[in-house]
Amino acid sequence: MFAKLARTGLLIAAIGVAGCNDSSMKDFAPHANKPLPDKILASMKAKGMTRTSPVMARIFKEEGKLEIWKAKTNGRYDLVASYDICKWSGKLGPKFTEGDRQAPEGFYTVRPAQMNPRSSYHLAFNIGYPNAYDRANGRTGSHLMVHGACSSSGCYSMTDAQIEQIYAFGRDAFQGGQTEFQIQAFPFRMTAANMARYRKDPNYEFWKMLKVGYDNFEITKVPPKVDVCEKRYVFNQVAADGATFDPAGACPTTTQPDSLKSAFNAYQSTYEAAFNGAVKASVPAPKPTIAGIKEASIVSEWSKKRARGERVPIDPPSFNADGSVTETARMGRIDSPAGRKMAALDAEKAAKQKAEEQRLAAIEAAKAEKEAAKAQALAEKEAAKAAAETPVVTATVAPSEAAPAVETQAADAESTATRLKKKLFGMFGG
């Protein structure tokens, strides 16, 4: 079966050789024609590979790795180069919608037309998102690349030196007759330990589906045949004569060689034992993952505002398990023509608003001053009126009240005179 799959791939490649030759590369930018280093060519030769033999790529987000695998003379693939991904945006988990800044996960196909030797990111190739699975599940997005310049908004970004080599692998394979190469993008290496770590994640069922393709490659070391039906991936399945795979329709009756079934079952048996052991073991905490379409929509709206040049939180919002949304307090605006235009419009709007506030404040102040003056004038008028109407009051003593006081004073005077007379008689005896 393994040899049959390899021969099938080579046959398909041979059919599409026409139009894919050196002449189609002549006008490429100089760095798109750089040859692979001698060290890599020597390693390939030692492994039974030619410079133009078929190629495929694997991406692992959590580990930050992009691997290049090439076909050997026996049709099986072997690892020939591994690169540290400079940047990828978003979180672990698939891409859902335009603007969610998620780097895709899944099985994608790159053809010669997707290679861009004059990319503004040094060199680039489009990975083919959305594929049949993405479209069947209503997922949107465009221009998802592997490129240079170490800058990402949903892509897998490499250094310029790295992308020159990665690009060369694809270029050389196309020159050798390969019509398309496969990119397998995973959230992490799909080992039993990692699957156990993420078994409670909302993306787990999606990852279990990807793992079937991952396992098929691990077993055969040949890129799996990928189809989509019932809105899910199926791998290395052969439809009955006349039947086709409808991404959104029911899966057709399929067959698979017994040798592959047997190898897959044995692989799964070993995996299940390792998974059960990993569930009980102490493992590193899971990394942040996207919380489905809800979080993707929130980030997408943030991206739209940012693209319009609006002031938004510096980092994309994050959807929490309890349904709340976390946003960074620091605000900013993208430095672009749209951002600068929006900044100018905001400044003009702010200046007009401030002028209007000052005008209204001046009106209110004048009105208040006028009301105060009016109130003061009214108060003075009322005071003057009150003064004019108040009578002059002269103090008088009522007769009934004065008589007791006069009588008391007279009694006191008489008593004093009597005491003086008695004193004089005592002094002179007479």
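So, how was this worked out
- Residues numbered from 1 in each chain as written.
- Predicted model: local features only at pLDDT ≥ 70, side-chain atom pairs only at ≥ 80, totals over all residues.
- Heavy atoms only, no water.
- Pairing = 2+ DSSP bridges.
- Helix = DSSP H or I, 4+ residues; strand = E, 2+ residues; numbered from the N terminus.
- Phe/Tyr/Trp six-rings, centres within 6.5 Å; stacked < 30°, edge-to-face > 60°.
- Buried < 20%, exposed > 50% of the residue type's maximum accessible area, 1.4 Å probe, protein only.
- Polar contact = N/O pair within 3.5 Å; in protein donor to acceptor, adjacent residues only side chain to side chain.
- Contact = heavy atoms within 4.5 Å.

Caption draft 1: View of the sheet that holds strand β8 (residues 145-147). Here five strands make up an open sheet; going across it, the order is β4-β9-β8-β7-β6 and the pairing mixed. Of all the strands in the sheet, just β4 (87-88) and β6 (115-116) have a single pairing partner and so form its edges. Two elements, β6 and strand β7 (residues 124-126), share two bridges in a ladder whose sense is antiparallel. Residue M115 lies in a different strand from β7, and its bridge partner there is F125.

Caption draft 2: A look at the packing of aromatic side chains. Inspection of the entire model under this criterion finds 16 aromatic pairs. With a centroid separation of 5.7 Å and 35 degrees between ring planes, the pair formed by F174 and F181 is classed as tilted. By relative accessible area, which is 1% here, F174 ends up buried. Ring plane angle 20 degrees and centroid distance 5.8 Å describe the contact between Y233 and F235, whose orientation is recorded as stacked. Each member of the pair, Y233 as well as F235, is classed as buried. Aromatic ring contacts, followed pair by pair, group F60, F107, Y133, F186, F206, Y214, Y233 and F235 into a single cluster.

Caption draft 3: Representation of the side chain of R58 in the model. Structurally, R58 can be placed in strand β1 (residues 55-60). Under the relative-accessibility criterion, R58 is labelled buried at 2%. Here the side chain of R58 touches Q184 through a polar contact of 3.3 Å, side chain to side chain. At a separation of 3.0 Å, a polar atom in the side chain of R58 contacts the side chain of E218. Ignoring any residue separated from it by four or fewer positions in sequence, one finds R58 in contact with K65, L66, E67, W69, Q184, F186, Y214, F217 and E218.

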